[in-house]
Amino acid sequence: MLERSHLADNALQALHDEDYDVPFNTQSLNHDGLVFMGGRSVTSLDGDWTFCVDLLDTGLRQKWFAMLPEAPEDRTEPWDYDPYMGETVPVPSNWAMLKEKWYFFEGSAWYTRPLDLADVDETKRQFLRFGAAAYDCKIFLNGEFIGNHYGASTPFCVELTGKLKPGRNWIMACVNNTRTRDRVPMRNTDWFNYGGIYREVSYFETPKSLIRDFFLYLVPDGTYSTLRAEVAVDGAGTGSVVVSIPELGVDVEVFLDTEGRGTADIVARPDLWSPETPVLYDVSVSCGEDRVTDRIGFRQIERRGTEILLNGVPLFLRGISVHEDDAVLGKVTSEADLRRRFEHASELGCNYLRLAHYPHHERAAEIADELGFLLWEEIPVYWAIDFENPATYRDADNQLKELIKRDRNRASVIIWSVGNENPDTDARLTFMKGLAETCKALDPSRLTSAACLVNHTQNRIEDRLAAHIDIIGLNEYYGWYEENFEDLAAIGENSNPDRPVVISETGADGVIGEKGPERGLFSEAYMAEVYVRQIATLRELGYIKGMSPWILYDFRVERRQNIFQNGYNHKGLIAADKKTKKKAFHILADYYREIAAGNVEARKAS
């Protein structure tokens, strides 16, 4: 609208108020509003949405969200943007991949679509669910601001109960991907800053009293005989829920307190989930008219000294790191893309993947449950986060809670990671120690980790956070960023870690094809030699209990722009086409087959 419109209040308000965002930054769409989705019937809202980029945030200043549909010829004022007519984009998508002029765009963009309802059932509650929108997503319904969500990679739910009308309703989302100091991650990262609604959007209804959260896990006491159910119900109604696992003969009533929460221990001896035997059980939870379901595996992951044990058996994590990135689709993930990822991990001989550096699509953990892969999941507390800012901690804490609530029924997830390569300051220690404590409070059945720091002068792990996590993640690039391989062995001797160390990153760039050099840095041959020397060194270090080299596929990133990189990180064992394997792929696969064979022989001997 023009500034003279009644919607903008007055010209000064619309043109000169730099606090225009404040009323729309409540961050009220957060982990508290998540709804457990297992088995729920949903209506997909994917497809074409009307779209407009808005670099200057004119839409918030002029209140585009309050504009009503009106034929152009009937308007009394010229519109700067028509939310109901014009260009459309598909949802899910990243705008960077749709038009060249949007490739590096950082700012706000508006999405609009109708929601047509023949009737609104007042005996039920109505919700939207967004799988992910990068980064700040403000939601409006029929001109009313509903709330906003922070975090590029975690889901959020939007309750619409009492706000919908029969017939046509209008949903508007203002999505902003600007990097700022107080966001998680902040300005400086090492992966592409995709913007947009890039995961699925759906509409669903529930009874008035609904099962909001459900967590079921094997109590980690070494007996493998007790399951613990934790349930949260929202709304007035029955004072209990029923948890059923038909294959185990379980049909247990869980009583709720006055806040709708209940916990019960269930005697059961399930077959244990592992990469070799990924057993899953059908589980249902009923409360009044509401019923949800899930498929859950039960296993125990623990650390004893420098050992990692799965179901009481020592474990070596044969892994690979993975980004969500595609040369054509950007950060959008499909079922086929996810299954290809696990197929390549299987070809490598992996039993484990590090999903870096943010929460990946929830289907990744569901498929890992099915196929038998272990997962490290993390939030983007990355590099120089503003650790002294309470707003930054609020953001990180919320993303962590959303990730844990989303994926804590997945047996495949064994590690929550709270950060990557952060400076060891007092503020950072307090910040990340708090996140590690949140992990244990919400989920006592998993291990915690972070990519910790090395003092390269003294050649030892020197990170105060290590005392507050279960596994020390170690990012090391000897042969690439660090030259002396002997220093890698010296780190172990000088550090004498009292807990397991996992090499969370290692590797080198190898550019293949016409742009790749024949020898030296960035050549495929040099990359292969780095892997040979890494493996020769690591196989002698007994304190190393796993590794996830960097990375499965080449991926897009703004910061890498030399003549070989051209906007890509080429440390992938497979090129960006997700087909062409480099020599290092086969070197690592041979090493993992050797380790797997040794583990089999060790089990036979025992």
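Residues numbered from 1 in each chain as written. Predicted model: local features only at pLDDT ≥ 70, side-chain atom pairs only at ≥ 80, totals over all residues. Heavy atoms only, no water.

### As for the confidence of the model for the chain
Stage number 1. The share of residues in the chain with pLDDT of 70 or more is 96%, and the mean pLDDT across the chain is 93.
Stage number 2. Throughout residues 601-606 the model reports pLDDT below 50, and contacts reaching past four residues in sequence, or to other chains, amount to zero contacts. (pLDDT = per-residue confidence, 0-100. Contact = heavy atoms within 4.5 Å.)

### Examining the packing of aromatic side chains
Stage number 1. Enumeration according to the criterion identifies 37 aromatic pairs in this entry.
Stage number 2. With centroids separated by 5.5 Å and ring planes inclined at 50°, the aromatic side chains of Phe-140 and Phe-145 adopt a geometry described as tilted.
Stage number 3. We classify Phe-140 as buried; its relative accessible area is 1%.
Stage number 4. Joined through ring pairs, the aromatic side chains of Phe-24, Trp-64, Phe-65, Tyr-81, Trp-110, Phe-140 and Phe-145 make up one cluster.
Stage number 5. Across the ring face of Tyr-358, the terminal group of Lys-331 is positioned such that the distance to the ring centre comes to 3.8 Å.
Stage number 6. Directly above the ring of Tyr-553 sits Lys-578, whose terminal nitrogen or CZ lies 5.2 Å from the centroid. (Phe/Tyr/Trp six-rings, centres within 6.5 Å; stacked < 30°, edge-to-face > 60°. Buried < 20%, exposed > 50% of the residue type's maximum accessible area, 1.4 Å probe, protein only. Lys NZ or Arg CZ within 6 Å of the ring centre and 35° of its normal.)

### Regarding the sheet that holds strand S13 (residues 210-218)
Stage number 1. The three strands are arranged S13-S14-S17 in an open sheet whose pairing can be described as antiparallel. The open sheet has two free edges, formed respectively by S13 and strand S17 (261-267), since each of these has just one partner strand. Averaged over all pairs of adjacent strands, the angle between strand axes in this sheet comes to 15°, irrespective of strand direction. (Pairing = 2+ DSSP bridges. Helix = DSSP H or I, 4+ residues; strand = E, 2+ residues; numbered from the N terminus. Axes fitted to C-alpha atoms, helices over the stretch in contact; angles between N-to-C directions.)

### Concerning the side chain of Asn-398
Stage number 1. The topology assignment puts Asn-398 in helix H5 (residues 390-407).
Stage number 2. Apart from residues lying up to four places away in sequence, Asn-398 is in contact with Asn-30, His-31, His-149 and Tyr-150.

### Details of the sheet that holds strand S9 (residues 156-159)
Stage number 1. With respect to topology, four strands assemble into an open sheet ordered S1-S12-S5-S9, the strand pairing being antiparallel. A strand with exactly one partner marks an edge of an open sheet, and here the two such strands are strand S1 (42-44) and S9. The average undirected angle you get between the axes of adjacent strands in this sheet is 25°.
Stage number 2. Looking at chain direction, strand S5 (residues 124-130) and S9 are connected through four bridges and run antiparallel. Note that in S9 the partner of Phe-127 across the bridge is Glu-159.

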